[in-house]
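Overview (structure and organization)
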Amino acid sequence: MAMPTTRRDRWLALALLVAVIALAYLLLVHPWFTRPLLAINAEISELQERGQRVQAQLQQRVPVARGLQQAQAALAGRPGFLREATAESAAAALSSRLQDAVASASPGNRSCTISNRSPLQDTGGGDNAFPRIALQVRLRCGIPEMAAVLHTLETGSPRLFINNLNLLAQRFQQSPNETGTGLDVSFELVGYLKPDALADAPAGASAAGAPLAPPPVGLSDGAGLSPAPAMAVPTGPQAAADVPSDGADAAAAAAADATDRASDGPEEDAHED
């Protein structure tokens, strides 16, 4: 006789069925279907966000291009880099610009003079993106003239920078033209080259310093001619086949000449007799 099912048995059977379904989902459905679909959904969301960022950047293309053109036009009107192609020429340009600034602040060097100026080595070891050109400068100037010189150097074009500025009060006269109330000033005058300036310079220097082609064989620098160097004798069957027949022709011509001389000899003796 079968036992009658109770309400508790029904709930127990339902719980077992739910557990079996959940276990089947975890073992079969989730690893093979749900997880790949979730990964695809996350990748789709990431690609959509990336596409939105790209679209936003593309929409900023026109304003950025316009701003770049304005910046290039401003730099063309007031260049920031030195125009020279080598470090030596750039240092010479810095020295010339310093001389012009001192001359404009004090014509005839009456109130400002250059005591010393020497180029400085770049201690960056080539790690700097922009090659640095610097001069160590020492001036003896009056206070207004010194201010004018510094203002002229820092506000001119190309852009120059004043580093390690040291000011000392001058309490004595080093020349009859000085009043003894000026400043003894030392500083570093710094400018920068374009990043590709020094990279292009060695190519031109090597092309300019390339040795000239040697003179033609057989010609010397003097008025006379120097003997041509001996030609290398070819070896091997192929080289022997490629040798021209100039030697055989020369030998035949020499033999013919000797025969003519031999035949002409008796006739000349007969005429002399």
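Helix and strand counts for the protein chain stand at seven helices and four strands. Going through the 273 residues of the protein chain one by one, you find that 18% of them count as buried. For the protein chain, the computed accessible surface area is about 20,400 Å², with 61% contributed by carbon and sulfur atoms.

Here the focus is the pairing of strand β4 (residues 183-192). The two faces of a sheet get side chains in turn, since along a regular strand they alternate between them. The element β4 is largely enclosed, with a buried count of eight among its ten residues. Here ten bridges tie strand β2 (residues 132-141) to β4, and the two strands are oriented antiparallel to one another. From the neighbouring strand, V137 faces β4, where its bridge partner is F187. Of the pairings in the sheet, the one linking strand β3 (residues 161-169) to β4 comprises seven bridges and is antiparallel in character.

The next point concerns the packing of helix α3 (residues 87-105) against helix α4 (residues 143-155). Any two packed helices are characterised by the angle at which their axes cross and by the distance between the axes. Look at α3 against α4: their axes get within 9 Å of each other, and the N-to-C directions meet at 140 degrees. Taken together, the axes of α3 and α4 lie oblique to each other. Judged by the twist between their axes, the crossing of α3 over α4 is right-handed. Judged by residue contacts, R97, L98, A101, V102 and A105 of α3 engage E145, A148, V149, T152 and L153 from α4. Of the residues belonging to the contact of α3 with α4, the class tally is seven nonpolar, one polar and two charged.

We now examine the sheet that holds β4. Spatially, four strands are ordered β1-β2-β4-β3 in an open sheet, and the strand pairing comes out antiparallel. The two strands at the open ends of the sheet, each matched to only one other strand, are β1 (112-120) and β3. If you compare each strand with its neighbour and ignore which way they point, the axes differ by 15 degrees on average. Along the sheet face, α4 touches β1, β2, β3 and β4 and points at about 5 degrees away from the line of β4.

With that out of the way, let us pick up a nonpolar patch on the surface. A surface patch of nonpolar side chains, amounting to about 1,200 Å² of accessible area, comprises L23, Y25, L26, L27, L28, V29, W32, F33, L37, I40 and I44. Counting through the fold element by element, I44 comes out in helix α1 (residues 7-59).

Quick look at the state of the cysteines now. Enumeration over the complete set of coordinates arrives at one disulfide. Between the sulfur atoms of C112 and its disulfide mate C141 the distance is 1.7 Å. Taken as a pair, C112 in strand β1 and C141 in strand β2 lie far apart in primary sequence, 29 residues in all. Like C112, the residue C141 is buried in the burial classification.

As a further point, take the packing of α1 against helix α2 (residues 61-77). Put simply, α1 and α2 touch, their axes get as near as 4 Å, and they point 40 degrees apart. The pairing of α1 with α2 is recorded here as oblique in orientation. Contacts from Q57, L58 and Q59 of α1 reach α2 at R61, V62 and P63.

With that settled, consider the nonpolar core. Of all hydrophobic cores here, the largest spans 24 residues; its most connected members are L139, M146, V149, L153, F187 and L189. For this core, the elements supplying multiple residues, two or more each, are α3, β2, α4 and β4. The element best represented in this core is α3, accounting for six residues. Excluding anything up to four places from it in sequence, L153 contacts R97, L98, A101, L160, I162, F187 and L189.

The rules we used
- Residues numbered from 1 in each chain as written.
- Predicted model: local features only at pLDDT ≥ 70, side-chain atom pairs only at ≥ 80, totals over all residues.
- Heavy atoms only, no water.
- Helix = DSSP H or I, 4+ residues; strand = E, 2+ residues; numbered from the N terminus.
- Buried < 20%, exposed > 50% of the residue type's maximum accessible area, 1.4 Å probe, protein only.
- Areas by Shrake-Rupley, 256 points an atom, 1.4 Å probe, with all protein chains shown as cover.
- Pairing = 2+ DSSP bridges.
- Axes fitted to C-alpha atoms, helices over the stretch in contact; angles between N-to-C directions.
- Parallel < 35°, antiparallel > 145°, perpendicular 65-115°, else oblique.
- Left-handed = near helix turned anticlockwise from the far one by under 90°.
- Contact = heavy atoms within 4.5 Å.
- Nonpolar A, V, L, I, M, F, W, Y, C, P; charged D, E, K, R; others polar.
- Patch = residues over 30% accessible without salt bridge, like charges linked within 9 Å, V, L, I, M, F, W, Y side chains within 5 Å.
- Salt bridge = Lys/Arg side-chain N within 4 Å of Asp/Glu carboxyl O.
- Disulfide = S-S within 2.5 Å.
- Core = buried A, V, L, I, M, F, W, Y, C linked by side-chain atoms within 4.5 Å.

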